[in-house]
Amino acid sequence: MSFKWVDIHDIVIELDEQYPDTDPLTVSFPDLYESVMALEGFDDDPDRCGEKILEAIQMAWIEERE
């Protein structure tokens, strides 16, 4: 399976599985960016990501945990 920056729900599921003990509220945007880039199957242009995308991923990850 291949992920793009717009696949926020799929990215969050993968992050939650790989980092079950991580509180999404404590993850900085640079660390979140690196974590997403390191996901197996992630295949998108690193320059297509901005603060709004990272914020959306972080918020969706927080919601996933609730």
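Before any of the text, the structure's been laid out above.
Here is a short report on the structure shown in this document. (Residues numbered from 1 in each chain as written. Predicted model: local features only at pLDDT ≥ 70, side-chain atom pairs only at ≥ 80, totals over all residues. Heavy atoms only, no water.)

Things to note about the packing of helix α2 (residues 29–37) against helix α3 (residues 51–65)
For the pair α2 and α3, interaxial distance at closest approach is 10 Å and the crossing angle is 80 degrees. The orientation of α2 with respect to α3, classified from their angle, is roughly perpendicular. Each of Phe29, Leu32, Tyr33 and Val36 in α2 lies in contact with α3, whose residues at this interface are Glu51, Leu54, Glu55, Ile57, Gln58 and Trp61. Class assignment of the residues belonging to the contact of α2 with α3 gives a composition of 7 nonpolar, 1 polar and 2 charged. (Axes fitted to C-alpha atoms, helices over the stretch in contact; angles between N-to-C directions. Helix = DSSP H or I, 4+ residues; strand = E, 2+ residues; numbered from the N terminus. Parallel < 35°, antiparallel > 145°, perpendicular 65-115°, else oblique. Contact = heavy atoms within 4.5 Å. Nonpolar A, V, L, I, M, F, W, Y, C, P; charged D, E, K, R; others polar.)

A closer look at the packing of helix α1 (residues 8–18) against α3
Two elements in contact, α1 and α3, have axes whose closest approach is 9 Å; the angle formed by their N-to-C orientations is 60 degrees. Comparing the axis directions of α1 and α3 gives the class oblique. As for the relative orientation of α1 and α3, their crossing is right-handed in sense. Residue-level inspection shows Ile8, His9, Ile11, Val12, Leu15 and Asp16 of α1 in contact with α3, the latter providing Ala56, Ile57, Ala60, Trp61, Glu64 and Arg65. Along the lines of polarity and charge, the residues of the contact of α1 with α3 split into 8 nonpolar, 1 polar and 3 charged. (Left-handed = near helix turned anticlockwise from the far one by under 90°.)

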